Amino acid sequence: MKCTLITGGSRGIGRAICIKMAALGYHILINYKTNNDEAEKTLSLIERAGGTAELLQFDVADREQIHAILGKWITGNTENYIEVLVNNAGITDDSLMAWMADEQWDSVLKTNLDSFFYVTRLVLNSMLSRKYGRIVNVVSLSGLKGLAGQTNYSAAKAGVIGATKALAQEVGRQGITVNALAPGFIKTDMTADLNEKELNAFIPVKRFGLPEEVAYAAAFLASPEAAYITGQVLSVNGGLYS
Ligand code: NAP
């Protein structure tokens, strides 16, 4: 069984990646934090299309939970291994820096950046011993150019971009690629409160992107054929300057 773990697979971009990877024949581990109903919906969408998946609930900001739940899955499934990891779970908690609370900084850094380290380190061992793996980190335009009101989020995503480039150099010879995907404005719960009409004016293709359009890029980077692409950041942003 070829397995893919997608963090934050219950909604938005993560759900679209789950569905796409399942259609490509992967057994999907759908991670999420609290939203059981939406995670079940992702699971049933996959199963209705003839794929297989299971739920793996843990908080990516909590390293104890990562070790307890993901660690248990890995030790209990020695026949199978996670050959594709998509670090997608993320949150924003915006504020101008002068007014940003410690909690806003800490939670955004833990969820978007620390999660990359704790989840990936755990999954990496079996990729290294099998000499094959695909790691795709969902970052953001914000991590490339910085956005006012998002010092926490921009720092976290820029941190993941740096880690992507460093890890790609560490594991390249073991058949493992590590790349980042940088979405612009994508229609999900995360962007539901934004003024889409106003923002469209700045986007060359004049619209927000769809989760499925990000999923297509994720599947490309996760494909066996993308073996010579590593340490890269692929923007999916409708042509916004980054
Ligand atoms: P979303 O619709 O808000 O969905 C977030 C997903 O992440 C949900 O599945 C949520 O699980 C999960 N999640 C959040 N915190 C978690 C935690 N601590 N542990 C485990 N899972 C957690 O977000 P999205 O728009 O799809 O964003 C997905 C990724 O793309 C994020 O990394 C985001 O930063 C990035 N991104 C998005 C956009 C955009 O325009 N939408 C642009 C650039 C980058 P629950 O359902 O359980 O809450």
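Everything in this summary refers to the structure shown in the same document. From a predicted model like this one, the values you see are computed outputs, not experimental measurements.

Reading the values: rules and limits
- Residues numbered from 1 in each chain as written.
- Predicted model: local features only at pLDDT ≥ 70, side-chain atom pairs only at ≥ 80, totals over all residues.
- Heavy atoms only, no water.
- Phe/Tyr/Trp six-rings, centres within 6.5 Å; stacked < 30°, edge-to-face > 60°.
- Buried < 20%, exposed > 50% of the residue type's maximum accessible area, 1.4 Å probe, protein only.
- Lys NZ or Arg CZ within 6 Å of the ring centre and 35° of its normal.
- Helix = DSSP H or I, 4+ residues; strand = E, 2+ residues; numbered from the N terminus.
- Expected span 1.5 Å × (residues − 1).
- Arc of directions from axis to C-beta.
- Contact = heavy atoms within 4.5 Å.
- Pairing = 2+ DSSP bridges.
- Axes fitted to C-alpha atoms, helices over the stretch in contact; angles between N-to-C directions.
- 1 Å grid on protein atoms, 1.4 Å probe; cavity = no way out; pocket = protein on both sides within 12 Å on 5 of 7 lines; lining within 4 Å.
- Points joined across faces, edges and corners; volume = space filled by probe spheres on them.
- Nonpolar A, V, L, I, M, F, W, Y, C, P; charged D, E, K, R; others polar.
- Parallel < 35°, antiparallel > 145°, perpendicular 65-115°, else oblique.
- Left-handed = near helix turned anticlockwise from the far one by under 90°.
- Salt bridge = Lys/Arg side-chain N within 4 Å of Asp/Glu carboxyl O.
- Near = heavy atom within 4 Å.
- Polar contact = N/O pair within 3.5 Å; in protein donor to acceptor, adjacent residues only side chain to side chain.
- Areas by Shrake-Rupley, 256 points an atom, 1.4 Å probe, with all protein chains shown as cover.

**Considering the packing of aromatic side chains**
Counted according to the given criterion, the structure contains two aromatic pairs. On the numbers, 5.0 Å between centres and 70° between planes, the contact of Phe117 with Tyr118 is edge-to-face. On the basis of relative accessibility, which here comes to 18%, the residue Tyr118 falls in the buried class. Over the face of the ring belonging to Tyr26 we find Lys2, whose NZ or CZ atom lies 4.2 Å from the ring centre.

**Some words on helix H2 (residues 36-48)**
Helix length check: H2 (13 residues) gives 18 Å between terminal C-alpha atoms against 18 Å at 1.5 Å per residue, within 8%. Here H2 has its buried residues at Ala39, Thr42, Leu43 and Ile46. The arc that holds the buried residues of H2, viewed along the axis, is 95°, so those residues lie on one side. Across H2 from its buried face, at more than 90 degrees, point the exposed residues Asp37 and Arg48. The inward-facing, buried residues of H2 contact helix H1 (12-23), strand S2 (27-32) and strand S3 (53-57).

**As for the sheet that holds strand S7 (residues 233-236)**
In any sheet, the strands associate via hydrogen bonds between backbone groups, in a parallel or an antiparallel arrangement. Judged by pairing direction, the sheet is parallel, and its seven strands sit side by side in the order S3-S2-S1-S4-S5-S6-S7 without closing on themselves. Whereas interior strands pair on both sides, the edge strands pair on one side only; in this sheet they are S3 and S7. Strand-to-strand twist of the sheet, defined as the mean angle between neighbouring strand axes without regard to direction, takes the value 25°. When S2 meets S3, the two strands line up parallel, connected through five bridges. In the sheet register, Tyr32 faces S3, and the bridge partner there is Gln57. Sheet strands touched by helix H3 (residues 63-76): strand S1 (2-6), S2, S3 and strand S4 (81-87). Its angle to S3, the strand with the most contacts, is close to 145°. Contacts between helix H8 (residues 211-222) and the sheet are confined to S4, strand S5 (133-138), strand S6 (176-183) and S7, with S6 contributing the most and set at about 165° to the helix.

**Quick notes on the layout of surface pockets**
Taken as a whole, the largest pocket holds about 1,000 Å³ of empty space. Surrounding the largest pocket, 43 residues form its lining, Gly90, Ile91, Thr92, Thr188 and Met190 being those nearest its centre. When residues of the lining of the largest pocket are assigned to their parent elements, the largest contribution, three residues, is made by H1. In terms of residue class, the lining of the largest pocket is built from 19 nonpolar, 18 polar and six charged.

**Side note on the environment of Glu83**
Along the chain, Glu83 falls in strand S4. Residue Glu83 is classed as buried on the basis of its relative accessible area, which comes to 12%. Measuring from C-alpha to C-alpha, the distance between Glu83 and Ala226 comes to 14 Å, with 143 residues separating the pair along the chain. Among residues more than four places away in sequence, those in contact with Glu83 are Lys2, Cys3, Tyr26, Met127, Tyr132, Gly133 and Arg134.

**Re the packing of H3 against helix H4 (residues 102-130)**
One can describe the packing of H3 onto H4 by two numbers: an axis separation of 10 Å at closest approach and a directional angle of 25°. Taken together, the axes of H3 and H4 are roughly parallel relative to one another. Our pair here, H3 against H4, has a crossing hand that is right-handed. The segment H3 lies against H4, with Arg63, Ile66, His67, Leu70, Gly71 and Ile74 engaging Tyr118, Val119, Arg121, Leu122 and Val123. Its residues placed into classes, the contact of H3 with H4 shows seven nonpolar, two polar and two charged.

**Describing the pattern of salt bridges**
Applying the stated criterion to the full structure yields four salt bridges. Put simply, Arg11 and Asp189 hold a salt bridge, and the shortest N to O gap is 2.8 Å. Placement of the pair is Arg11 in the loop between S1 and H1 and Asp189 in the loop between S6 and helix H7 (196-200), with a sequence separation of 178 residues. Exposure remark for Arg11: the relative accessible area of 37% places this residue in the partly exposed category. Across the salt bridge formed by Glu38 and Arg15, the nearest N and O atoms sit 2.9 Å from each other. One end of the pair, Glu38, is in helix H2; the other, Arg15, is in helix H1, with 23 residues separating them in the sequence. A relative accessible area of 13% means that Arg15 is categorised as buried.

**Details of the site of the ligand**
In the vicinity of the ligand lie 33 residues, with Ser10, Asp59, Asn88, Tyr153 and Thr188 positioned nearest. The backbone of Lys33 places a nitrogen or oxygen atom 2.9 Å from an oxygen atom of the ligand. Within the backbone of Gly184, an N or O atom sits 3.2 Å from an oxygen atom of the ligand. Look at the ligand: alone it shows 900 Å² of surface, and the protein chains cover 95% of it.

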